[in-house]
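Working through the structure, step by step
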Amino acid sequence: MAEAEIQSGEKEYFLDIPQKNETFFLKGCANYDWGMKNRLARIFNPRSGKTVMLAFDHGYFQGPTTGLERIDVTILPLTPFADALMLTRGILRSVIPAATSNPVVMRASGGPSILKELSNEHIACDMDDAVRMNCSAVAVQVFIGGEYETQSVGNMTRLVDAGMRVGMPVLGVTAVGKELVRDVKYIGLATRMCAELGAAVVKTYFVPDFEKVAAGCPVPLVIAGGKKLPELEALKMAADAIQQGASGVDMGRNIFQSDAPVAMLKAVRKVVHEGLNYKQANEYFLELKNAKNG
Ligand code: R5P
């Protein structure tokens, strides 16, 4: 039937419409291959350029953290409201339904427990397995200034090399040891090192003068939530981070340890994707929480 199609009339090439040559929406990511960009565009919303990742990988060194004792009961109801899930492969395969539409950011480093020297991590997930699990990124902890600094940086660069072969972005996670000060100087150093050494995205902590950290990091930054804070404070931290150049959050305890986790996750989304200020977001959180309890 190919001949019949050729003879059936004029073809339309839309000669007056130049083909669009679109640039990629994420800072510092324009020169990646299509597969890498496509994975990043699953994690980051191309309209807002931002993401709300839900982190519940804490068990990889902390065991059953408060709020994560039963991930099937407490976390699965939150997943429809998250842009991406950050977790371990053990939890993915044992608890997360394979029919989920959430992109997965896979924890790919580990080893020591809270009882030992935390910086002594190794790569804990092969790139082949990350591909098999259809992950959208792998995450690796980097301990700048830690006892095993070089080893942890080596974990990251090996994952970056393996990721480049298959189009898998690496999320470099800056871990801050107890003896280190979380300030703009330290966080600026750690995030910049992760980016320079090939992380496509860097996860870090919000600190005063965060805009200098964001300006000095050539790839997207997302912030961790850290220890549970009152919701108003956690929303302020998220809002300040977004205003000062963060491309999203990768938040765990401030969501799953909240009295109203779905309401909190939805309020964080308002801050990240719609630019709501923290007071408006807190009102929204309280409305949702009270409506549920009322
Ligand atoms: C901890 O090491 C994990 O990487 C968490 O994913 C990360 O700390 C984010 O969770 P949270 O918001 O609870 O700090």
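The structure under discussion appears in the preceding block.
Description of the site of the ligand
Around the ligand lies a shell of 15 residues, among which Asp57, His58, Gly226, Gly252 and Arg253 are the nearest. Here an oxygen atom of the ligand and a side-chain polar atom of aspartate 57 are 2.5 Å apart. At 2.8 Å from an oxygen atom of the ligand is found a side-chain nitrogen or oxygen belonging to arginine 253. Among the cavities detected, the one that contains the ligand is the largest pocket.

Notes on the packing of aromatic side chains
Summed over all chains, the structure comprises 3 aromatic pairs. On the numbers, 4.8 Å between centres and 50 degrees between planes, the contact of phenylalanine 24 with phenylalanine 25 is tilted. A ring pair is formed by tyrosine 60 and phenylalanine 61, whose centres lie 5.0 Å apart and whose planes are at 65 degrees; its orientation type is edge-to-face. Given a relative accessible area of 17%, tyrosine 60 falls into the buried group. For arginine 182, the ring lying beneath its charged end belongs to tyrosine 205, and the centroid distance is 3.8 Å. The ring of tyrosine 278 has lysine 236 lying over it, and the distance from NZ or CZ to the ring centre is 5.5 Å.

Some remarks on the layout of surface pockets
By volume, the largest pocket amounts to about 930 Å³. Along its surface, the largest pocket is lined by 36 residues, and Phe61, Gln62, Leu118, Val176 and Tyr205 are the ones closest to its centre. Broken down by secondary-structure element, the contributors of at least two residues to the lining of the largest pocket are helix 3 (59-62) and strand 10 (248-251). When residues in the lining of the largest pocket are grouped by element, the largest group, 3 residues, is from helix 3. Each residue belonging to the lining of the largest pocket can be placed in one class, and the counts come to 14 nonpolar, 9 polar and 13 charged. Lining the second largest pocket are 13 residues, and of these Leu92, Ala98, Thr100, Val104 and Met133 sit closest to its centre.

Basis of the calculations
Residues numbered from 1 in each chain as written. Predicted model: local features only at pLDDT ≥ 70, side-chain atom pairs only at ≥ 80, totals over all residues. Heavy atoms only, no water. Near = heavy atom within 4 Å. Polar contact = N/O pair within 3.5 Å; in protein donor to acceptor, adjacent residues only side chain to side chain. 1 Å grid on protein atoms, 1.4 Å probe; cavity = no way out; pocket = protein on both sides within 12 Å on 5 of 7 lines; lining within 4 Å. Sits in = over half its atoms within 2 Å of the grid points. Phe/Tyr/Trp six-rings, centres within 6.5 Å; stacked < 30°, edge-to-face > 60°. Buried < 20%, exposed > 50% of the residue type's maximum accessible area, 1.4 Å probe, protein only. Lys NZ or Arg CZ within 6 Å of the ring centre and 35° of its normal. Points joined across faces, edges and corners; volume = space filled by probe spheres on them. Helix = DSSP H or I, 4+ residues; strand = E, 2+ residues; numbered from the N terminus. Nonpolar A, V, L, I, M, F, W, Y, C, P; charged D, E, K, R; others polar.

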